[in-house]
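Next come the chains, spelled out residue by residue.
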Amino acid sequence: MRDFKTAYFFLRLPIAISLAGHGLVRLPKLHAFSDWMVKTMEKSVIPDLLIIPFSYLLPVAEAVIGIFLLAGFKNKLTIYSGLTLMSILVLGSCSIENWSAVESQLLHSAYLVGLFWFFSRYADERSDPKISA
């Protein structure tokens, strides 16, 4: 693929903006976001001992993963991190039966898997002289 870098940038762009946006808008109101998440997760079997630190870590993780995706930094590790984060969010959303959130998280996950597939396929091609010739 001749324009791999350009195509890959534009494929990363929407998910990067989504993740970075989720995180960056929450950072200035981190304490209020944490309070909201603890309140939302009251019906969950997940203990507050885990929810409280996660509620402070989540916006930072979203922002960092989004920014790293945008920059194309450590692509595989960043995508793995995004998929891990989405899996944790799906678990939390399922625990309170918030199915609409699960749908959104699964959509993010599917997008990240597609991005990983595209990167793996075409990054390998670019490094293999037999394929790219």
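The shown structure was predicted, so the numbers you read here are calculated from the model rather than taken from an experiment. (Residues numbered from 1 in each chain as written. Predicted model: local features only at pLDDT ≥ 70, side-chain atom pairs only at ≥ 80, totals over all residues. Heavy atoms only, no water.)

### Examining the nonpolar core
Grouped together as the largest cluster of nonpolar side chains are 26 residues, with contacts concentrated most on Phe4, Tyr8, Met37, Leu58, Leu69, Ile79 and Leu112. Broken down by secondary-structure element, the contributors of at least two residues to this core are helix H1 (4-26), helix H2 (30-40), helix H3 (48-71), helix H4 (75-95) and helix H5 (99-127). With six residues, the top contributor of residues to this core is H5. (Core = buried A, V, L, I, M, F, W, Y, C linked by side-chain atoms within 4.5 Å. Buried < 20%, exposed > 50% of the residue type's maximum accessible area, 1.4 Å probe, protein only. Helix = DSSP H or I, 4+ residues; strand = E, 2+ residues; numbered from the N terminus.)

### Describing the layout of surface pockets
If you add up the space inside the largest pocket, you get close to 570 Å³. Considering the residues around the largest pocket, the lining is formed by 26 residues, among which Met37, Leu58, Leu89, Ser93 and Gln105 are closest to the centre. Of all the secondary structure elements, the ones that give two or more residues to the lining of the largest pocket are H1, H2, H3, H4 and H5. Considering every element that reaches the lining of the largest pocket, the biggest residue donor is H4, with six residues. A breakdown of the residues in the lining of the largest pocket according to their chemical character gives 16 nonpolar, eight polar and two charged. (1 Å grid on protein atoms, 1.4 Å probe; cavity = no way out; pocket = protein on both sides within 12 Å on 5 of 7 lines; lining within 4 Å. Points joined across faces, edges and corners; volume = space filled by probe spheres on them. Nonpolar A, V, L, I, M, F, W, Y, C, P; charged D, E, K, R; others polar.)

### A closer look at a nonpolar patch on the surface
A surface patch of nonpolar side chains, about 640 Å² in accessible area, is lined by Leu24, Leu27, Leu57, Val60, Val64, Ile67, Phe68 and Phe73. No other element matches the five residues that H3 contributes to the nonpolar patch. Tracing the backbone through its elements, the reader meets leucine 57 in helix H3. (Patch = residues over 30% accessible without salt bridge, like charges linked within 9 Å, V, L, I, M, F, W, Y side chains within 5 Å. Areas by Shrake-Rupley, 256 points an atom, 1.4 Å probe, with all protein chains shown as cover. Salt bridge = Lys/Arg side-chain N within 4 Å of Asp/Glu carboxyl O.)

### Some details on unusual backbone geometry
Of note in the backbone geometry, lysine 74 takes a positive phi value of approximately 45° without being a glycine. Along the chain, the position of lysine 74 falls in the loop between H3 and H4. One non-glycine residue, glutamate 97, adopts positive backbone phi at about 60°. Inspection of the secondary structure puts glutamate 97 in the loop between H4 and H5.

### Things to note about the side chain of serine 34
The residue serine 34 is located in helix H2 in this model. Residue serine 34 is classed as buried on the basis of its relative accessible area of 3%. A distance of 2.6 Å separates the side chain of serine 34 from the side chain of serine 55, its partner in a polar contact. With residues up to four places along the chain from it excluded, the contact list for serine 34 reads Ile52, Ser55 and Tyr56. (Polar contact = N/O pair within 3.5 Å; in protein donor to acceptor, adjacent residues only side chain to side chain. Contact = heavy atoms within 4.5 Å.)

### Some words on H1
The end-to-end C-alpha distance of H1, which contains 23 residues, comes to 33 Å, matching closely the 33 Å that a straight helix rising 1.5 Å per residue would cover. Those residues of H1 that sit buried are Phe4, Tyr8, Arg12, Ile15, Ala16, Leu19, Ala20, Gly23 and Arg26. (Expected span 1.5 Å × (residues − 1).)

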